[in-house]
Amino acid sequence: NAGVMQNPRHLVRRRGQEARLRCSPMKGHSHVYWYRQLPEEGLKFMVYLQKENIIDESGMPKERFSAEFPKEGPSILRIQQVVRGDSAAYFCASSPLDRAYEQYFGPGTRLTVT
Amino acid sequence: AQTVTQSQPEMSVQEAETVTLSCTYDTSESDYYLFWYKQPPSRQMILVIRQEAYKQQNATENRFSVNFQKAAKSFSLKISDSQLGDAAMYFCAYGRETSGSRLTFGEGTQLTVNP
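Before going into details, it helps to say that this report is about the structure given with it. Since this is a predicted model, take the numbers as computed values, not measurements.

**With respect to unusual backbone geometry**
Point 1. Note that the residue after A:Asn7, namely A:Pro8, is joined by a cis bond; omega there is -5°.
Point 2. Structurally, the position occupied by A:Pro8 is in the loop between strand 1 (5–7) and strand 2 (10–13).
Point 3. Backbone geometry at A:Glu40 places phi at a positive 65°, although glycine is not the residue there.
Point 4. Within the fold, A:Glu40 resides in the loop between strand 4 (29–37) and strand 5 (43–50).
Point 5. In this structure A:Glu40 comes out as exposed when scored by relative accessible area, which is 76%.
Point 6. Its identity as a non-glycine residue notwithstanding, B:Lys73 has a phi of 55°, on the positive side.
Point 7. Inspection of the secondary structure puts B:Lys73 in the loop between strand 8 (64–69) and strand 9 (74–79).

**Focus: the interface of chain B and chain A**
Point 1. Between chain B and chain A, the contact holds 19 residues from the first and 23 residues from the second.
Point 2. Here chain B and chain A share an interface that buries about 1800 Å² over both sides, 49% of which is from carbon and sulfur atoms.
Point 3. At the boundary of chain B with chain A, the tally comes to three salt bridges.
Point 4. For the salt bridge of B:Glu107 with A:Lys44, the shortest nitrogen-to-oxygen distance reads 3.2 Å.
Point 5. Linking chain B with chain A are 10 residue pairs in polar contact (both at pLDDT 80 or more).

Scoring rules and cut-offs
Residues numbered from 1 in each chain as written. Chains lettered and ligands numbered in written order. Predicted model: local features only at pLDDT ≥ 70, side-chain atom pairs only at ≥ 80, totals over all residues. Heavy atoms only, no water. Helix = DSSP H or I, 4+ residues; strand = E, 2+ residues; numbered from the N terminus. Buried < 20%, exposed > 50% of the residue type's maximum accessible area, 1.4 Å probe, protein only. Contact = heavy atoms within 4.5 Å. Buried area = accessible area lost by both parts, 1.4 Å probe. Salt bridge = Lys/Arg side-chain N within 4 Å of Asp/Glu carboxyl O. Polar contact = N/O pair within 3.5 Å; in protein donor to acceptor, adjacent residues only side chain to side chain.

Structure below.
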């Protein structure tokens, strides 16, 4: 059973461009979470999704950030008009329906904004 | 809101010795989970150990064990017989016992293992 997959692993964008980060949960997992880790800090929750539904986006910045988890395909975290402060590692985690507290993390996507 | 505090930004231990990493948390909930995650230089987040708040018995996973003090809201990680591969950033995390609970992380403790 493959783990949580994230791609790309590294992404470089210039200020003002869009960044798209992808996450494929573990097989059989129906919950997806996105976290952001700024340099020298712990992980901070951004958004929690189930298939076709955003359940909790209270940690997501109000502007420029959006997330989706379509019926088919990976979950996408989209950052529009990136700024230098968006440079961070973005982690996706997934959990099974009956053990939502058991989160398995992907390897992360390191976003660098130049 | 729940908060997790790790008061030791850095710790070091000699190989084969024992080290304890501290974590305190704040919550008004009675049912929750606590976790220790390890983040090596690869940056992959690896679950080390999990504790259910309703269990009085401290969790143990091989050389890793916790000291869970619910009343004091304390959750420390003990690593016995430290190995070079234990060197990493360690994060304490809190999660509620509800469906789809986010995790709240501490700021981390960087552990160095000296040969």
